[in-house]
Amino acid sequence: MPIDRRAYVYLAAGFLAVIIAPGVIQTVAELRRGETPGALELFLRPPTARNLHAYEHGLEASSLVIQRLRPRMQYAEWRFLDDAGEKAVVGREGWLFYRPSVRYEVERPAIGPESDSSDPLPAIRSFRDQLQARGIRLLVVPVPNKESIYPELLTRRAQGLGVVVNEQTQHLLDELDRNGIEHVDLFQVFRRVKQDQGRTGTGRLYLARDTHWSPAGVHAAAASIARQVLAGGVLSRGDHAYSERSVVAQRAGDLVEMLRSASIKGSLLPESVVCSRVVQSDSGAPYEDRPDSEILILGDSFLRIYEHDVPGAAGLIAHLARELGRPLASIVNDGGGSTLVRQDLARRPALLSNKKLVIWEFAEREIRFGTEGWRIVRLARSASEFN
Amino acid sequence: MTFRVSRTILGGSLLAVVLISAACSPSASMGGGTPSSDPELARHGTIEVTAKLVEIPEGAIFERELYNYATVLKYQVIEVHRGSVRGQTIYVGHYNPFKPRADAADQLVPNIGGDLKTFREDQVERMSLDGSMLDEFSGAILNKYFEEDPDPIYWAVWTDLVSG
Amino acid sequence: MAWLSMVFTTYLFVFYFLPLVLASYHAVDHLSRRVGASSSGTCLALNALLVVASYLFYGWWNPWFILLMLGVTVVNYVCGRIIGQPGISRRLSFWVATFAVVVSLGTLGFFKYFMFLEINLNQALAWLGAGPVHVLEITLPIGISFYTFHALSYTLDVHHGTAPPVRSFLDFACYIALFPQLVAGPIIRYNTVADQLVSRTHTLEKFSSGVTLFILGFAKKILLANAMGRVADAAFGAQSLSAPDAWFGALAYTLQIYFDFSGYSDMAVGLGRMIGFEFLKNFDSPYKAENITDFWRRWHISLSTFLRDYLYIPLGGNRGGAVRTYFNLIVVMLLGGLWHGANWTFVAWGAYHGVLLAWERFQGKRSAYQRSPRPVRVAATFVLVVISWVLFRAATLHEAVTYLGAMLGQGGSGSGMLLIPALLYTRGTLVFMAVALLIVAWPTQAHDWSREITWPKAVVVHPLFCLSLMVMFSQSFNPFLYFQF
């Protein structure tokens with residue numbers, strides 16, 4: 001092949017154009033908006049490691065070129081390589097899984113504690129003891145990862161596996177038993193429901209493109225939690241009459257939202273989810289919390305879905321209230337089931353004043369990846385401080 | 001064939017110099033502009049302060065794909081323009097702090113804003129605040145100062161950058 | 001804990017740092033020639049500019065470590081000046097060179113190995129039933145292994161008379177800190193660039209071939225190494241693995257480390273060409289090696305030749321008889337392993353290679369292994385290398401043994417083993433692994449391919465760059481393995 005000098009010119013010029021263009025485009029756009037170019041912020045602060053890092057992050061975060069091209073690339077990776085990016089894993093039959101949950105299932109836990117607050121047990125025990133000192137019963141509800149219940153939809157190799165309980169999860173459940181901490185074993189519950197699925201025609205317990213459970217999962221969980229609450233004898237079934245109304249909600253799925261690509265989202269039809277909205281039997285008004293209820297439920301987004309999201313009053317809180325025949329008080333902290341929700345409770349001590357039961361829900365993956373770990377949270381010291 | 005590459009690249013460098021010069025010209029205002037002239041500050045909240053962001057604890061601000069959250073940051077009050085605050089050191093909750101303030105409002109928290117783009121330590125900010133975050137916001141709160149038991153935690157409604 | 005510096009495969013480097021450095025560099029070159037400056041005067045000005053750019057590059061995440069690099073630079077510069085004095089006695093030259101070597105290696109030893117010594121001392125004390133000593137936590141400055149070796153190379157070359165002393169501090173500081181090769185090599189021997197520090201040419205041909213090599217290295221890193229890295233991380237972090245999965249993970253890491261490091265080397269050599277330097281090739285199709293001796297002629301050539309010339313030969317090389325040669329080989333590889341990091345896994349990796357080299361030397365051409373057909377030799381060598389990377393990748397010796405056990409079918413049990421295919425065998429992984437293996441087997445290498453640019457090459461390279469950039473925009477997983485060394 002003869003050497004043509006124009007090929008060298010083309011190569012050099014093209015390369016320079018590609019590396020210069022994004023900076024120029026960004027600068028022009030920022031000047032046109034009447035702003036100081038972000039690139040010059042380097043000179044506005046002392047060159048400390050933190051400032052330099054923040055500067056680099058800021059350049060990337062504000063880059064118009066990245067904002068324009070990233071979703072297209074994500075779509076191409078999704079379309080041609082079945083790659084859902086850093087946050088999600090593509091399973092079978094169109095199911096998506098949350099990557100941290102998959103990592104929780106397959107990764108080796110660190111040897112020894114990862115940090116002072118990485119072990120859930122001391123935090124759970126401390127919380128139980130503090131509540132017990134106030135005469136309040138604690139019921140812990142770890143919600144299984146989607147991967148634990150539907151491993152066969154994650155990978156073909158797990159076909160016929162049924163429901164899996166990760167070693168770390170099993171260890172925690174065993175420790176809860178050993179320490180006399182009351183808990184609901186939703187793994188058992190969901191295993192039974194899954195086995196019966198073919199016979200009863202019950203829908204799947206989790207959504208295909210969401211990290212959370214389906215209305216069927218909510219129903220199964222609410223029923224089993226209520227059974228255990230009533231079996232405990234502290235509380236009897238209340239006299240509030242609730243009924244259910246069928247409502248269809250459209251959900252794109254939080255895993256799809258997380259991909260942050262309009263093209264991917266546009267290529268997938270939202271899931272139509274048939275929910276049961278809980279309403280007051282007499283007035284027909286949707287279920288509402290009662291802060292002065294004797295039962296307080298704490299938890300993460302597994303409590304929020306269908307309850308505070310569309311269609312509303314159709315999540316675990318409402319269905320548990322229906323099963324128990326009494327309204328509940330609740331604190332919901334998205335992604336904060338391990339520590340943040342208890343900190344929320346500590347900031348609202350009055351909520352505990354007349355409680356007999358606290359139900360604490362958290363997602364299984366939080367056992368390892370809980371936001372802020374598993375800190376011991378001190379509640380107010382005496383009942384008098386609640387008032 | 002010893003064509004000098006310098007000439008090819010010189011054009012690019014001159015362009016860069018022109019752009020940077022243009023960027024440095026007085027017509028280009030700094031991010032914060034003159035915050036006191038921002039009428040939105042007076043329209044929101046019950047308190048208005050100028051304060052210095054003392055620190056951003058490790059992990060207090062991060063991009064969160066799934067959920068919204070508010071984080072608590074510590075400020076040293078420089079001047080109180082409206083209302084009153086308790087002490088010189090105050091704690092302020094900011095909603096979805098990884099977003100520029102102008103883009104942070106959503107259905108859950110509709111009325112916040114400001115011209116601040118990124119939170120950085122030692123920044124001086126002018127904020128309009130509400131008196132209690134717990135009264136204003138019921139979502140997820142990340143409070144790295146939980147052990148210090150700050151009370152009250154103010155809620156930032158409008159946040160403009162003054163300097164830094 | 002290691003501090004990062006600026007990284008080639010980031011938005012900041014590609015779109016701000018690199019254009020500004022190239023523009024200023026070639027503007028200074030152009031202007032100084034316009035005003036009639038001599039070739040060496042121009043080079044001095046350019047070197048000054050490169051020093052500033054390189055210090056900015058290095059100090060990006062922790063400006064304080066610039067002072068450490070500056071200290072090593074000053075000590076070796078002053079020692080080189082003394083050694084280079086006309087008429088200096090051989091004895092004085094020896095002692096000054098020794099001083100520079102002790103200071104440089106002492107700095108490296110303190111920052112890289114002191115904590116390792118403390119931790120091992122505490123383990124020994126615990127074993128003896130004594131209380132631990134307080135462990136001083138030391139942050140590892142990035143690239144320290146590379147720039148101390150650069151500095152040593154200068155002092156020893158001047159001492160041995162194989163290179164002249166540098167003419168100015170700026171030239172020397174430029175040699176030590178030159179940003180393309182500062183933090184992850186290749187290790188540039190002073191005598192290979194001494195002339196280029198004084199005078200070098202800048203041609204369109206050189207610039208464009210540098211661009212091509214940079215892009216190829218960039219693509220290797222972003223498209224192949226990162227994709228393989230995700231698989232390797234999943235496999236090496238798994239709680240249980242079947243034997244095929246363990247081999248698949250080890251193969252992924254084998255490809256990751258090659259494309260990561262050779263990609264970085266290609267980018268470094270390419271950037272060097274863009275600013276007029278010509279660095280030697282650092283990789284020569286290492287996975288086509290016919291035996292381990294051949295592997296070390298092809299893998300990280302700048303390190304293996306450095307160790308050969310500055311350690312193996314001074315130890316006596318192969319001049320002291322067979323046993324002494326085996327001993328020298330094992331010692332050099334042990335130290336070479338330790339150079340990669342303060343961890344027993346690297347020592348084990350070095351020992352493994354040292355023993356294999358000694359064994360091959362012992363066998364000569366008599367062994368069945370050496371007499372077998374070339375494809376068999378290449379395949380057998382490749383398998384030995386894959387096994388060695390398990391030692392290199394594992395966080396601890398225990399983890400390495402566990403992983404090697406998994407490769408032999410002793411990977412434990414549990415649900416994790418049944419779920420891990422979701423992370424290992426994705427369509428993207430399989431596509432990128434196939435491409436990576438194809439490139440490993442391809443007869444032409446990036447270093448040579450980029451020398452002459454034809455239209456078909458020019459047409460291919462730009463889309464490859466754009467594709468790599470777009471993938472970079474969509475990735476957050478972007479580690480450089482060799483930064484830790």
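Not measured: the values here are computed from a predicted model. (Residues numbered from 1 in each chain as written. Chains lettered and ligands numbered in written order. Predicted model: local features only at pLDDT ≥ 70, side-chain atom pairs only at ≥ 80, totals over all residues.)

Re the interface of chain A and chain C
Working step 1: The partner chain C presents 49 residues to the 53 residues of chain A that form the contact.
Working step 2: The greatest single-element share of the side of chain A that touches chain C, amounting to 13 residues, is contributed by helix H1 (residues 5–32) of chain A. (Contact = placed C-beta atoms within 7 Å. Helix = DSSP H or I, 4+ residues; strand = E, 2+ residues; numbered from the N terminus.)

With respect to the nonpolar core
Working step 1: Counting 284 residues, the largest nonpolar core has Ala 177, Met 228, Ala 235 and Ile 420 of chain C as the members making the most contacts within it.
Working step 2: The residues touching Ala 235 of chain C, leaving out its near neighbours within four places in the chain, are Leu 241, Asp 245, Ala 246, Phe 248, Gly 249, Ala 252 and Leu 424 of chain C. (Core = buried A, V, L, I, M, F, W, Y, C linked by C-beta atoms within 7 Å. Buried ≥ 20, exposed ≤ 12 C-beta atoms within 10 Å, placed from the backbone.)

What to know about the sheet that holds strand S8 (residues 357–363) of chain A
Residues and elements named next belong to chain A.
Working step 1: Pairing within the open sheet is parallel, and its 4 strands lie in the order S3-S8-S6-S7. With one partner strand each, in any of the chains shown, strand S3 (137–143) and strand S7 (329–332) form the two edges of the open sheet. Each strand axis lies, on average, 15° off the axis of its neighbour in the sheet, ignoring direction.
Working step 2: Pairing of strand S6 (residues 295–299) with S7 involves 4 bridges; the strand directions are parallel. Paired with Leu 296 across the strands is Ala 329, a residue of S7. (Pairing = 2+ DSSP bridges. Axes fitted to C-alpha atoms, helices over the stretch in contact; angles between N-to-C directions.)

Some points on unusual backbone geometry
Working step 1: Across the junction of Val 310 of chain A and Pro 311 of chain A, the peptide omega takes the value 5°, indicating a cis bond.
Working step 2: Mapped onto the secondary structure, Pro 311 of chain A falls in the loop between helix H12 (301–304) and helix H13 (316–324).
Working step 3: Along the chain, Asp 151 of chain B connects to Pro 152 of chain B via a cis peptide bond; the corresponding omega equals 0°.
Working step 4: By the element assignment, Pro 152 of chain B lies in the loop between strand S5 (141–142) and strand S6 (153–163).
Working step 5: Of note, His 300 of chain C is a non-glycine position whose phi angle comes to about 40°, a positive value.
Working step 6: In this structure, His 300 of chain C sits in the loop between helix H10 (292–298) and helix H11 (301–312).

Quick word on the pairing of S8 of chain A
Residues and elements named next belong to chain A.
Working step 1: Extensive coverage of S8 is indicated by the burial of 7 of its 7 residues.
Working step 2: Of the two faces of S8, both are covered, the one formed by Leu 357, Ile 359, Glu 361 and Ala 363 as well as the one formed by Val 358, Trp 360 and Phe 362.
Working step 3: As paired strands, S3 and S8 are joined by 7 bridges and run parallel to one another. Each residue of the ladder has a partner; that of Val 140, found in S8, is Trp 360.
Working step 4: Of the pairings in the sheet, the one linking S6 to S8 comprises 4 bridges and is parallel in character. Paired with Leu 298 across the strands is Trp 360, a residue of S8.

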